[in-house]
Structures are given as structure tokens and as C-alpha cells.
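Observations on the three-dimensional arrangement
Listed below, chain by chain, are the residues.
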Amino acid sequence: MEIIVIGGGPAGLTAAIFAARSGARVTVLEGMEKPGKKLLMTGNGRCNLTNLTIQGAQGYQSDCLKGVDAILRTFSYLETLSFFRELGLLTRVRQESLVYPYSEQAASVLDALLKEVRRLSIKLKCREKVLRVVPEKDRFWVKTSSWEYEASRVILAAGGCAVPATGSDGSGFSIARELSHSLIPAYPGLVPLTVKERVGKSMEGVRCQAQAALFVNGKECGKETGELQWTSYGISGILIFQLSRRAVREQALGKKVEIVLDLFPDYSEEELLTLLGCQTILETNSVPSYEGYLGGIFHKKVLNALLGSLSLKPGSPMTDEEVRKVLHLAKHLKLTITGSRSFDQAQISTGGIPLSEVDGSTLESKKVPHLYVCGELVNVDGPCGGFNLQWAFASGCLAGRSAAREEETL
């Protein structure tokens, strides 16, 4: 009897490898024409494998952080690095903690996994979209559009809802629901946010360094610093992605969600005024325009947008009070979050099968014996920077080893 892994992404391939290494006969069913399509897109095609700062569940979101912590400490970033070294993949560290393949090509990561799949004689069947999983006594019937597979153990690693064109179309959630699992609603994660205010429309395409603070019902819930990108619909960039996981879910629950931007995080308002020599210039007879005076520190589109928000006209003379208003707004630009872009533009999906519904020591379902779940299908998500791939590898390893270990006891 075989173990069937549903899904040929990073979690599914890792689960298959560790199950086969433990002596099980493994078949991977992948719905797309090739496995790992989403993996090839990660890190803008460079694939940020893991992160040297990952310490257990810190930075992750889940309904059971204690379980996340235990799993990630069992298979830490050190185990991930060792695993890929065994597969012949050379890595390098960027920005002190971000781990990439030395080639900086995601294809190198996928090739390493698939080489091990071939070495272990794991059957990889593509264009086999799983429609149903039917448990029957001590076995499963896994039904696709073209065949019906029999297995004694099933590992469900079908992914979430992000970038459905890569195969992560939410079908794994449907299978889990049919198998009696409840589901925490899925939302786009690590995704651009849409805002109520129109201030960003005229700044589309502008990038700048900023600090963003997330407020939920008036309470600060997070803060990030990094590159901000203005869009026609709102705001994007890594710092926004990091805050989006909570922002999207809280907004969907009907809470008031706001992002307050500081466009000069390195300076206070008074420091900016001092650096500009504001009072000295404004006391002279020749009063400059906003562009002439503030153009040296603002992107033109940003300055014009801020002036418009304050009903001030570009090109007009300025006063000391008005300059202070512009700088204050630049330091405290409040935006009301109305939602996010779709799953098509999200790097991950949040939500999924509650981790509390699986055994934290094996990832075996508490609803269906001998069914294991891993990867993005589970209600575990982390920030940008290799956190989500680390969860995929760690949970895939545990699910694969556990399923094979159970197989040995038959």
C-alpha cells in the first residue's frame, strides 16, 4: 500500500521525500502540468528559502502558536539548510538573515527537490487534479478526473488560495471540508492594501522609504519600516505586506483599520524644520513657493498630493504655519484600509485548517485517522522573508515522517 501526497509544492515534495526516506512507497499527485509552479515565483524568482532569525513561532499567526513553535523547533532553519546541503544546493545569505540559493534562481531549489524525488523512485503524476478523498476502513480512495488511487495513508498538501493560476486554487480546503474539518476563512496575505482616501492616486508608481503603523479600532497593533510603493488603489511594498496579514482579517471582521505613515522616519518634525532653516527663510521679504522650499526633501508627486490634502495650491506663497502642517501630515499620514487586492496578487493565503484539529506531534488529522496535513493548507502563516517556506519544509518533513512511521506499524 502506498502513501499518496496531494500537491507537488514545497510542502508536498518535502513530505514525499521524508516519507520515502523512511521506507514508504510514495506517489505525488499534482494538478498542474508541472510541480512547484508557485515555488518558482517566490522571492521574485530567487526563492528566499528560510531566515536565520526564525525562532520557533515568533512572527507567525495561528490558532495554536504553541503547536507551531514545537514543529518549527523540531525542524528549524538549521535543518532546512542541512536538508538542502544534502541535496547539493549551495546557499548564500543576503541582508544578514535571508537565505537564497547561491544561483539566486528558484529553479535551483525545485531541481534539487525533484532530483531527490527521482532518486527515491517517488512516483510523480502531473495533471492529476484530486477531486475527492474517500476514507474506507484502513484505506483511502483518492479520486481524480482520470483515475482512482488506493492508499493506506494520505498527506494533504494542496496549498491555499494565493496565486490560483499556479494550482493553489483552494481545492484543498474543499477536500478538507468534505473530510469533516472546519475551516478558518481564508484571506489574502502579504498583499497590497486598498484605501479609502484618494491621496495616493496621483502618486501612483512612486517609491519611498517610510514607517507604517497599523491601528485596529484606534489601538496600535504593529509597525514596520521599509520601502513604500504608492498605487492607484492604495499602498504596497514589503512593509505593507508585513502588516497586511492582520489588517485584511481585522477589516473583514468589521473593525476600523488604519495605517499611519511616517514619510520621514529618520527625523522628527522639529528636526526637519531646523534642517530646512524654516523660520529664518520665512522671516525674509522673499517668501518662496512650496515647491521651491520643500522640493529638496519631497518627491514632486508626493508634495503635490500632500498640498492637495490640505487644500493648498502648488506654486503659491507659503507661511510658517502651512509648512508645519505639510510636515506634520508627512509624519502622520492616516489612511483608512478598505480591503486588499485579490488572491491573484497575494503571496500567501491566511486561514485554513485549524492547527488545533491536528495532532501537533505528527500533523495527523484528529477528524480522519491516517490523514495528514501540512503547508499553507493549515492555519499558519508568517511574514515575508522565508518564514512561510520554512513552515512548508518543517510541516512537510513532520507529515512525511509521521505517515511513514505509521505505515511501518501496519
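For the structure itself, consult the block above.
Notes on the structure follow. (Residues numbered from 1 in each chain as written. Predicted model: local features only at pLDDT ≥ 70, side-chain atom pairs only at ≥ 80, totals over all residues. Heavy atoms only, no water.)

Positive phi is not limited to glycine here, since K137 has a value of about 55 degrees. Inspection of the secondary structure puts K137 in the loop between strand 8 (130–136) and strand 9 (139–144). Of the residues examined, K137 reaches a relative accessible area of 87% and is grouped as exposed. Of note, the phi angle at S311 is positive, near 60 degrees, even though the residue is not glycine. In this structure, S311 sits in the loop between helix 10 (300–309) and helix 11 (320–331). Exposure remark for S311: the relative accessible area of 68% places this residue in the exposed category. (Helix = DSSP H or I, 4+ residues; strand = E, 2+ residues; numbered from the N terminus. Buried < 20%, exposed > 50% of the residue type's maximum accessible area, 1.4 Å probe, protein only.)

If you walk across this open sheet you meet the five strands as 7-2-1-11-20, and the pairing is parallel. What marks the edges here is a single partner per strand, and that holds for strand 7 (123–125) and strand 20 (371–373). Strand after strand, the sheet turns through a mean of 20 degrees between neighbouring axes, direction not considered. One ladder, built from three bridges, connects strand 11 (residues 153–156) with strand 20; its direction is parallel. Looking at strand 20, one finds that V154 is bridged to L371. (Pairing = 2+ DSSP bridges. Axes fitted to C-alpha atoms, helices over the stretch in contact; angles between N-to-C directions.)

Looking now at the packing of aromatic side chains. As enumerated under the stated definition, the model contains six aromatic pairs in all. Their ring planes at 85 degrees and their centres at 6.0 Å tell us that F18 and F75 sit as a pair that is edge-to-face. With a gap of 57 residues between them, F18 in helix 1 (residues 10–21) and F75 in the loop between helix 2 (65–74) and helix 3 (77–86) connect regions that are remote in the sequence. Here the two residues F18 and F75 agree in accessibility, since each one is buried. For the pair F84 and F393, a centre-to-centre distance of 5.1 Å together with 70 degrees between the ring planes defines the contact as edge-to-face. Placement of the pair is F84 in helix 3 and F393 in helix 12 (residues 387–408), with a sequence separation of 309 residues. Residue F84 is classed as buried on the basis of its relative accessible area, which comes to 1%. Looking at F393, the relative accessible area reads 0%, which means it is buried. Site record: aromatic cluster; members linked through ring pairs are F18, F75, F83, F84 and F393. Lying across the ring of Y100, R46 places its NZ or CZ 4.5 Å from the centre. Between R92 and the ring centre of Y102, over which it is positioned, the NZ or CZ distance is 3.7 Å. (Phe/Tyr/Trp six-rings, centres within 6.5 Å; stacked < 30°, edge-to-face > 60°. Lys NZ or Arg CZ within 6 Å of the ring centre and 35° of its normal.)

Here we have three strands laid out as an open sheet, ordered 8-9-10, and antiparallel in their pairing. The strands lining the two open edges of the sheet, one partner per strand, are strand 8 and strand 10 (148–151). Ignoring which end each strand starts from, the neighbouring axes of this sheet average 20 degrees apart. Sheet topology places strand 9 next to strand 10; four bridges connect them, and they run antiparallel. If you follow W141 over to strand 10, its bridge partner there is E150.

On to the layout of surface pockets, then. In this model, the second largest pocket occupies a volume close to 160 Å³. In terms of lining residues, the second largest pocket is bounded by Q61, S62, D63, R245, R246, R249, E250, L253, T350, G351, N379 and D381. Per-element accounting of the lining of the second largest pocket gives the leading share, four residues, to helix 6 (residues 238–252). Taken together, the residues of the lining of the second largest pocket sort by class into one nonpolar, five polar and six charged. (1 Å grid on protein atoms, 1.4 Å probe; cavity = no way out; pocket = protein on both sides within 12 Å on 5 of 7 lines; lining within 4 Å. Points joined across faces, edges and corners; volume = space filled by probe spheres on them. Nonpolar A, V, L, I, M, F, W, Y, C, P; charged D, E, K, R; others polar.)

This part takes up the side chain of N48. With respect to the helices and strands, N48 occurs in the loop between strand 2 (26–29) and strand 3 (50–51). Residue classification places N48 among the buried positions, given a relative accessible area of 9%. A distance of 3.0 Å separates a polar side-chain atom of N48 from the backbone oxygen of V99. Polar side-chain contacts of N48 include one of 3.1 Å to the backbone nitrogen of G386. Not counting chain neighbours up to four residues away, the residues in contact with N48 comprise G43, L98, V99, Y100, G385, G386 and L389. (Polar contact = N/O pair within 3.5 Å; in protein donor to acceptor, adjacent residues only side chain to side chain. Contact = heavy atoms within 4.5 Å.)

In contact at an axis separation of 10 Å, helix 1 and helix 4 (residues 106–119) are set at 30 degrees when each is read in the N-to-C sense. By the angle between their axes, helix 1 is roughly parallel relative to helix 4. Two packed elements cross with a definite hand, and for helix 1 against helix 4 that hand is left-handed. Note on element contacts: helix 4 touches helix 1 through L110, L113, L114, E116 and V117, opposite L13, T14, I17 and R21. Classifying every residue of the contact of helix 1 with helix 4 by side-chain character gives six nonpolar, one polar and two charged. (Parallel < 35°, antiparallel > 145°, perpendicular 65-115°, else oblique. Left-handed = near helix turned anticlockwise from the far one by under 90°.)

Inspection of the secondary structure puts G308 in helix 10. G308 gets classed as partly exposed once you look at its relative accessible area, which sits at 47%. Remark: the alpha-carbon pair of G308 and H328, spanning 20 residues in sequence, is separated by 14 Å.

Honestly, that's just the spatial picture; any functional story needs more than this.
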